[in-house]
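In case you want the letters, here they are:
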Amino acid sequence: MDLLGVLHLDELSHGLANLSMFPYFDMAHYIISVMALREQPGALEVSRVSPLACWFSSMLFCFGGAVLSAVMLAEPVVAPLSNSTSVLLASVIWYLVFYCPMDLVYCCAALLPLRLVLSGMKEVTRTWKVLGGVTQAHGKYKDSLLVMIAIGWAKGAGGGLISNFEQLVRGVWKPETNELLKMSYPTKITLIGAVLFALQQSHYLPVQKHHLMLIYTVFTVVNKSRMMLTGSSTSPFAAVESAIYKTLFTGCSPYAALTGEVNKAFIDNGTSSVPTSTSATKECSKNGTAGNHTPVKGQSGSHKAKEESENTEKTSCKKTD
């Protein structure tokens, strides 16, 4: 990229691309991951009841991305644990964070200046994990952009994507916390990175790899530091996400409109039928009253005619006598 060359950042991008993650950056990743597990509700109680379940959950936090990407690529799930040095280092950090006397390790790592540095180093490892997943998928599926994005996303944010399985290890089942239902900031930024690196790998994005690594790493580190210093959990893409969501995935539902029209028609018909039924009732009552009077008049007339006939017969009988 010419702009980075003008700013004399080309050497810095090459140095960052050749930077080794082991052991310091990996240690920072393990410390922040195990601390995140310890701060989960009920995790400290589980560590006292079942250290084995706590250790297994910690390994899923530390190596969850490698495990999930291995599952997706049909590779051995235990392959990420084959590196004994990394597993041993993560296990030592797990023990110190949970069981160190007087909680010295956790209390020191929880201090804001040190935690800020460790979180920034963890964001650096995120770049390498996403790029490693995209490169690994590109080696097997060269023409599949979607597979590269999925593997890069899984390798960079696998700990969050398999959080439901990790919770199940600790005896917790909360399916409503699924990352796909409500993605957290690390999951979102990892997905964006996977898309960018996959486009660069497929030559759709005209940027050199080491330049993109520098830009992505600086953005993630700076934004993570800003969020920690301000105590804000708002994603920097919140405005864009809201605009896209309102434009593409909301609006007037045809079913809602149809339901509203039916209800309106039903209400109109009911309202118009009320006076009709009332008037009909009134008419029926009038007709009923009139009908009741008519038979009475007819019955009184018949009684009078019967009385007159009886009187006529009596008179004729008297005359005959």
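Since this is a predicted model, take the numbers as computed values, not measurements. (Residues numbered from 1 in each chain as written. Predicted model: local features only at pLDDT ≥ 70, side-chain atom pairs only at ≥ 80, totals over all residues. Heavy atoms only, no water.)

Our next topic: the pattern of salt bridges. Tallied over the entire structure, the rule returns six salt bridges. Where Asp103 meets Arg38, a salt bridge forms, and the shortest distance between an N and an O atom there is 2.7 Å. In this pair, Asp103 is assigned in the loop between helix H6 (84-99) and helix H7 (104-109) and Arg38 in helix H3 (residues 24-38), connecting sequence segments 65 residues apart. Note that Glu123 and Arg126 form a salt bridge whose closest N and O atoms lie 3.0 Å from each other. Of this pair, Glu123 and Arg126 are both found in helix H8 (residues 112-140), three residues apart, which corresponds to roughly one turn of the helix. (Salt bridge = Lys/Arg side-chain N within 4 Å of Asp/Glu carboxyl O. Helix = DSSP H or I, 4+ residues; strand = E, 2+ residues; numbered from the N terminus.)

Moving on: the side chain of Gln167. Relative to the helices and strands, Gln167 resides in helix H10 (residues 163-169). Residue Gln167 is classed as buried on the basis of its relative accessible area, which comes to 10%. At 3.5 Å, the side chain of Gln167 and the side chain of Thr177 are in polar contact. Sequence-distant contacts of Gln167, defined by excluding residues within four places in its chain, comprise Val172, Lys174 and Thr177. (Buried < 20%, exposed > 50% of the residue type's maximum accessible area, 1.4 Å probe, protein only. Polar contact = N/O pair within 3.5 Å; in protein donor to acceptor, adjacent residues only side chain to side chain. Contact = heavy atoms within 4.5 Å.)

Ranked by size, the top nonpolar core spans 31 residues in total, and within it Trp128 and Phe197 carry the most contacts. Counting residues per element, the ones that place at least two in this core are helix H5 (51-72), H8, helix H9 (145-161), helix H11 (185-201) and helix H12 (209-230). With seven residues, H9 is the largest single contributor of residues to this core. Sequence-distant contacts of Phe197, that is, excluding residues within four places in its chain, are made with Thr127, Val130, Leu131, Val134, Leu212, Met213 and Tyr216. Counting residues in hydrophobic clusters, the runner-up holds 23 residues, among them Ala28, Phe63, Ile93 and Val97. (Core = buried A, V, L, I, M, F, W, Y, C linked by side-chain atoms within 4.5 Å.)

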